[in-house]
Structure formats: structure tokens, C-alpha cells
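Here is what each chain is made of, one letter per residue.
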Amino acid sequence: MPQSHPNRQLWRDVTLFDGERTYDAPMAVITDNDRIERVCRMNELSDADIADLPVAGQGGVLTPGLIDCHTHLVFGGQRAGEFEQRLEGASYADIAAQGGGIISTVRATREASEDDLYTSAAKRLQGLMADGVTTVEIKSGYGLTTEHEAKMLRVARRLGEQYPVRVVTTFLGAHALPPEYKDRKDDYIDLVCNDMIPSIADQGLADAVDVFCEGIAFNLDQTERVFQAAHKHGLPIKGHVEQLSHLGGASLAAKYNALSVDHIEWLTEDDVQAIAESGTVATLLPGAFYTLRDTQVPPIDALRRARVPMAIATDGNPGSSPIFQLTLILNMACTLFRLTPTEALQGVTANAARALGLSEQLGSIQPGQRADFCIWDIEQPAELAYAIAPGRLRQRVFDGVITHANDQ
Ligand SMILES: N=CN[C@@H](CCC(=O)O)C(=O)O
Ligand SMILES: [Zn+2]
């Protein structure tokens, strides 16, 4: 939605988490239109600054706007029945093998009109925004035909045009094998590479290309063909890799300079070295780990030692992670994966921006970055990860405009 940008504004006396660390002293953040102009200690502000600048906020904890860098927000239907099946003992892979799982959402998404998909995704998006999200990545992957994949991505783009939020789109045509291609995975990959990617790229509908590289999805050769087609069309790649087993998708993705490798429960030390060298972000998805009652924890210590940037995201989807609240994921990353609160916060700010290839403009409170940030009614940033509590967002600022204000 078009916003009018106020000129210079001051947020004063804030406790600042800038995407990397928390500052000890009370800080000031000055914006100019849609950009951050200056970040300094309160005692560095001149009398003239204090006299001239309109105060847009005072006190609270200021963080970058949260970035949910891995979601499947656009889909038809829901899968509560599958949740019940899992409670009765069926596994995610069992359900997929019986034609349920992702494929049941494919049926519902194909049947849904573009407007219906837009309306249902908008509700989920509004929930994320009310939780402090200012940038969200949305994948396709429940259409699995050129027409229906494009439909999903158009819905994602439209959400970004209608709401004060940045939407980044990822084409995930190689998410599952559609029933009409039963026993013909290579033929389906031909369609993905020779028809879907060129058409999606021509229409400018995707910012990146993703593949589900897994026993229940696509093998290494098929994954590599999709990566090659993406690069041929100038699109960076990402991967759903090493989620349920170790197939080698992460190291393959590193060869193609992936922006991120996601899930990665089964990542090995060699994979960690490979992604460290390619500068690929490790995106952890504790919501899927929790929902599927996984026990294989991603190799957090090895990632730390190799200084691989770790992002975290909701993976919001109707099956493996029906969770559309990023602050809850902060808590899960700490409790389930033993991240520190600071690492978790880096994971939804600076490192999430890296996972989208947008770290030059998003994810940090620094001069020149987009003025996307949140003010929270808490005493210190770690509280965001520590407590699971609603109602802490005092202000949400998108491109320098206050889009949510809870001043009580
Ligand atoms: N792992 C594969 N894809 C999604 C699950 C999608 C679904 O179950 O509908 C994920 O990221 O978890
Ligand atoms: Zn996913």
C-alpha cells in the first residue's frame, strides 16, 4: 500500500539490539524518510538535534523489523486430519507415501481461486505483522503446474503490494511429485526446468528457486538440474535439505552458492565446512522439528565453530509447521536447539536478511538501511526469546512509517 514518508524523526532513550548485539547505553535512532540516518548514544545528541527532531517514540527495546525468511504462507485447505493421524502413530513420511501430506495441500491449492488464496494468506500475514514481522519470504510449491505455481506467486506478490510488509518470493516447483507424474520424477523435473522456471523468471514472479532434496521428494541429480536451470535464468538458489535423512543436498547447494540451506537436522561436519566456504546461511526451522517430534538436532556447535550465520524462521505451512508466530520460534530455537537469545534474535534479523540476499538494506539498525524496526514493551531484548507472551509490540515501523502503535 503506498505510504507517505515522514521526514526526519527521532526514537529516543531506547535499548538497542541492532541485529548483532545489544548496547549498554540508552540510544537514539534517527530516520529520514524510509531510511535510517543515524544511530548514536543519547549523550551524543546535540541540543539542536533534541530541539529540532520530532520524537516518534521514547523508551522500550528497539530491534530491526523481524524477518521470517522461510514460509509457505499461501496454500489452500488445512491438514488437521493429518495431525490426528500423526497422534495415532503415522509418520510425516508415511502420510506422504499414502498421497496425503504436501499432495493433499496441492489438491486444495489447485482448487482454490486466486482471491481465496489471497484472503486466507492475508490473515496469516496479518498475524505475522502483528508479531513484528516486516519482511517475509513466501514460497510456491503447492501448485506443481506452471499455471498453479504462477498463481501462488502472484498471490504472494499481491500481498506485498497491499500490506506494509516486504514480500520476497521463492519458486519451489520441485517440492513434491504431482500425482499425474507418478513414477516419472525425471519428466517432472524436465517440466520444472524447461517450462516452469523460464516462465516464472520471464514474469518476474520469483526472487529465488528452492528444491526439496529428500528421499520422499527429489534426489541429488534432480536437485542439481533445478539449480542449474535457476542459475541459467539469473535466480539464486536455496534448498530444503538434510531434513529427514542425509542426502548431500547441503554440500550440493553450497557448490551453487546457495543463499541458504534450510532444516539441516542431518547436516555433517563436511557439509558445515562446505557451507562456511560458500557463505551460505544455515536456516534452522524449529517449528517443523517440534511438530514432527524430530530428535535429530542440527549441529549447532559445528555451525558456531565454523562461523556460519544461523537464521531461524517459522516455516509456516499447513503440515510440518502450522505455526505463524515468529516470536514463538525464537523461544523454540533456544529451548529445542540451545541457541542463545542473542543468536536467536540475530537469526530473525541480520542473518535472516543474509538468507534472502538482502543484508545491504535490511536486518540491521545502521545508517543507510531501510527504516524497518520494532519497539517492544520489554526491558531487554532477550525477553523476546525467553517469554512466550502476546502484546509486547509497542510500535512497528515499516519504511519509516509507524504501521502499528499500541501506546497503552
Ligand atoms: N519439507 C518440506 N516442505 C515443507 C513442508 C510442507 C508441508 O508439509 O506441507 C517444510 O519446509 O517443512
Ligand atoms: Zn519449508
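Analysis parameters
Within each chain, residue numbers correspond to sequence positions counted from 1 in written order. Chain letters start at A and ligand numbers start at 1, both assigned in the order the entries are written. Owing to the predicted nature of the model, reporting of local features is limited to residues with pLDDT of at least 70; listing and counting of side-chain atom pairs is limited to 80 or more, with chain, interface and lining totals taken over all residues. Based on all heavy atoms of the structure, the side-chain values leave hydrogens and waters out of the count. UniProt positions are given in the numbering used here, feature names are shortened, and annotations may be inferred rather than shown by experiment. Coordinating donors are taken as N, O and S atoms within 2.8 Å of the metal, stretched to 3.2 Å for Na, K and Ca; because water is absent from the atoms, sites can appear incomplete. Secondary structure elements follow DSSP: runs of H or I of four or more residues count as helices, runs of E of two or more count as strands, with numbering from the N terminus. Relative accessibility decides the category of a residue: with a 1.4 Å probe and only protein chains considered, values under 20% of the type maximum give buried, values over 50% give exposed, and everything between is partly exposed. Take a side-chain nitrogen of Lys or Arg and a carboxyl oxygen of Asp or Glu: if they are within 4 Å of each other, that pair is a salt bridge.

- In the annotation of an unreviewed UniProt entry, the protein is listed under the name Imidazolonepropionase and assigned to Saccharospirillum salsuginis.
- Turning to the protein, the UniProt record has this under Pathway (unreviewed entry): "Amino-acid degradation; L-histidine degradation into L-glutamate; N-formimidoyl-L-glutamate from L-histidine: step 3/3."
- If you open the UniProt record of the protein and go to Function (unreviewed entry), you find "Catalyzes the hydrolytic cleavage of the carbon-nitrogen bond in imidazolone-5-propanoate to yield N-formimidoyl-L-glutamate. It is the third step in the universal histidine degradation pathway."

**Points about the coordination of the zinc ion (ligand 2)**
Logical step 1: Within the protein, the zinc ion (ligand 2) binds to His70 (NE2), His72 (NE2), His240 (NE2) and Asp315 (OD); these donor distances fall in the range 2.0 to 2.5 Å.
Logical step 2: Between consecutive donors of the zinc ion (ligand 2), the numbers of intervening residues give the motif H-x1-H-x167-H-x74-D.

**Structural notes on unusual backbone geometry**
Negative phi values dominate among residues other than glycine, just as trans dominates among peptide bonds.
Logical step 1: Even without a glycine there, the phi angle at Asn257 is positive, about 50°.
Logical step 2: Looking at the element boundaries, Asn257 is found in the loop between α9 (249-255) and β11 (260-263).
Logical step 3: Looking at Asn257, the relative accessible area reads 52%, which means it is exposed.
Logical step 4: Located in the positive-phi region is Asp399, a residue other than glycine, with phi close to 55°.
Logical step 5: Inspection of the secondary structure assignment puts Asp399 in the loop between β15 (393-398) and β16 (401-405).

**Considerations on the pattern of salt bridges**
Logical step 1: Applying the stated criterion across every chain yields a total of 25 salt bridges.
Logical step 2: Its salt-bridge partner being Arg158, residue Asp115 comes within 3.1 Å of it at the nearest N-O pair. Note that Asp115 is positioned in helix α5 (residues 114-130) and Arg158 in helix α6 (residues 146-162), a separation of 43 residues in sequence.
Logical step 3: Its salt-bridge partner being Glu224, residue Lys255 comes within 3.4 Å of it at the nearest N-O pair. Residue Lys255 is found in helix α9, and its partner Glu224 is found in helix α8 (residues 220-232); the two are separated by 31 residues along the sequence.

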